[in-house]
Amino acid sequence: GFWCSAMVWCVCWYVFFFFFQAKDGRRGLVRSRGLGGVYKRQPSGERLSARRFWLRHAAETHGRLVLDDGAVAAVGRRRSLLAAGIVAVTGVFSAGDVVELVDQRGELCARGVAGFATDEVTRMIGRSTGDLPADLRAPVVHADDLALL
């Protein structure tokens, strides 16, 4: 009776939404926050890890690093930010704080976890890694701690 037809309806719904509408047999649909349980296709591309999602959307930022054009391009390819690509520093932050990475026009291009405090980064601005003391030769923002915007 009723339960049998309800079960058949659920199975048909599942098969239709999760197999026929998904690309390459993968589930490409996610539940929206709208009314009525509407489903919408998840944006294509790579899925953000929880850490990158936090960096991009939820983390409070404590400063800004202004980058030259070469550093903006490198960060856009998800490479670590080195001191040579930094033009200016604004704000006060410690190592481990989240900072904004902006181009010279002030446009936000990424967020990342700073590997050094403000005073250390200020001493490193524009210097190549080989010119820095041994304790400052790490990336200012490591690629693993970077979220593109």
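Coordinates for the structure precede this section.
1. Here's the deal with the overall build of the protein
Here is step 1 of the chain: Looking only at helices and strands, one finds four helices and seven strands in the protein.
Here is step 2 of the chain: In the protein, the order of α-helices and β-strands from amino to carboxyl end is α-β-β-α-β-α-β-β-β-α-β.
Here is step 3 of the chain: Residues classed as buried in the protein amount to 31% of the 149 residues present.
Here is step 4 of the chain: When contacts within the protein are restricted to residue pairs at least 6 apart in sequence, long-range pairs at least 24 apart make up 60% of them.
Here is step 5 of the chain: Only carbon and sulfur atoms are counted for the fraction: they give 56% of the accessible area of the protein, which is about 9,600 Å².

2. Thoughts on the pattern of salt bridges
Here is step 1 of the chain: Applying the stated rule across the entire model yields four salt bridges.
Here is step 2 of the chain: With its nearest N and O atoms 3.0 Å apart, the salt bridge here joins D103 to R105.
Here is step 3 of the chain: We classify D103 as buried; its relative accessible area is 8%.
Here is step 4 of the chain: On the basis of relative accessibility, which here comes to 63%, the residue R105 falls in the exposed class.
Here is step 5 of the chain: In this structure, R105 and E107 form a salt bridge, with 3.5 Å as the shortest nitrogen-oxygen distance.
Here is step 6 of the chain: The partly exposed category is assigned to E107, whose relative accessible area is 46%.

The rules behind the values
Residues numbered from 1 in each chain as written. Predicted model: local features only at pLDDT ≥ 70, side-chain atom pairs only at ≥ 80, totals over all residues. Heavy atoms only, no water. Helix = DSSP H or I, 4+ residues; strand = E, 2+ residues; numbered from the N terminus. Buried < 20%, exposed > 50% of the residue type's maximum accessible area, 1.4 Å probe, protein only. Contact = heavy atoms within 4.5 Å. Areas by Shrake-Rupley, 256 points an atom, 1.4 Å probe, with all protein chains shown as cover. Salt bridge = Lys/Arg side-chain N within 4 Å of Asp/Glu carboxyl O.

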